[in-house]
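This is what each chain is made of:
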Amino acid sequence: MRTAQHAADNGERWIEDVRETLSGLLGRGRCRIQDLAAARGTSVRTLQRRLAETGLTYSRVVDEIRFAEARRRLAQPGALLKQVAADVGFCEPASFTRACRRWTGLSPRELRRRLRAWDPGGVPHAVFGPDEAPPLDPGGSLAGSARRDATAPSAAPGSAAK
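First, a word on scope: everything that follows refers to the structure included in this document. (Residues numbered from 1 in each chain as written. Predicted model: local features only at pLDDT ≥ 70, side-chain atom pairs only at ≥ 80, totals over all residues. Heavy atoms only, no water.)

### Quick notes on the overall build of the chain
For the chain, the count of helices and strands is 7 helices and 0 strands. In the chain, the order of α-helices and β-strands from amino to carboxyl end is α-α-α-α-α-α-α. In the chain, which comprises 162 residues, the share counted as buried stands at 37%. Within the chain, contacts between residues at least 6 apart in sequence are counted, and of these 53% link residues at least 24 apart. (Helix = DSSP H or I, 4+ residues; strand = E, 2+ residues; numbered from the N terminus. Buried < 20%, exposed > 50% of the residue type's maximum accessible area, 1.4 Å probe, protein only. Contact = heavy atoms within 4.5 Å.)

In structure tokens form, the structure reads like this:
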């Protein structure tokens with residue numbers, strides 16, 4: 001039993017390391033799976049196999065990182081949508097808009113409005129750090145929000161069929 005728990009802990013640690021490496025690579029521009037494998041000191045096939053063992057794919061991990069960064073950036077005052085799109089790795093704002101709709105069922109403008117309006121327990125949103133943007137539930141609504149969007153997809157980010 002202890003061995004299975006140890007393996008699970010190692011798997012979780014490994015995927016977090018992969019996410020951190022990939023986030024850094026994405027922050028410097030486009031990142032191909034070959035770039036990630038080289039940065040991790042492994043082959044592409046081994047990287048794909050290890051990701052599959054954790055139930056993930058390279059595309060899904062990229063999507064999750066982009067989604068988290070997009071939420072963080074959209075919550076910041078003065079962030080231009082075109083710049084946010086570029087910063088999270090989209091060449092065209094239209095591609096970013098499609099991704100936002102896939103992730104949340106919302107346009108980037110509507111997502112920004114909801115992120116900025118989120119106010120847990122009367123605490124102003126401005127007191128939250130960049131990594132503390134309000135999470136979205138799998139239905140696309142802000143977690144804890146009284147309003148639910150009936151048109152939002154029920155899938156979590158990155159779980160759409162590809």
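### Considerations on the packing of aromatic side chains
Per the stated rule, a full pass over the model turns up 3 aromatic pairs. With centroids separated by 5.7 Å and ring planes inclined at 50°, the aromatic side chains of Phe-90 and Phe-96 adopt a geometry described as tilted. Among the residues examined, Phe-90 registers a relative accessible area of 11% and is labelled buried. The exposure class assigned to Phe-96 is buried, which follows from its relative accessible area of 1%. Between Arg-50 and the ring centre of Trp-14, over which it is positioned, the NZ or CZ distance is 4.3 Å. Cation over ring: Arg-66 sits above Phe-90, and NZ or CZ is 4.6 Å from the ring centre. (Phe/Tyr/Trp six-rings, centres within 6.5 Å; stacked < 30°, edge-to-face > 60°. Lys NZ or Arg CZ within 6 Å of the ring centre and 35° of its normal.)

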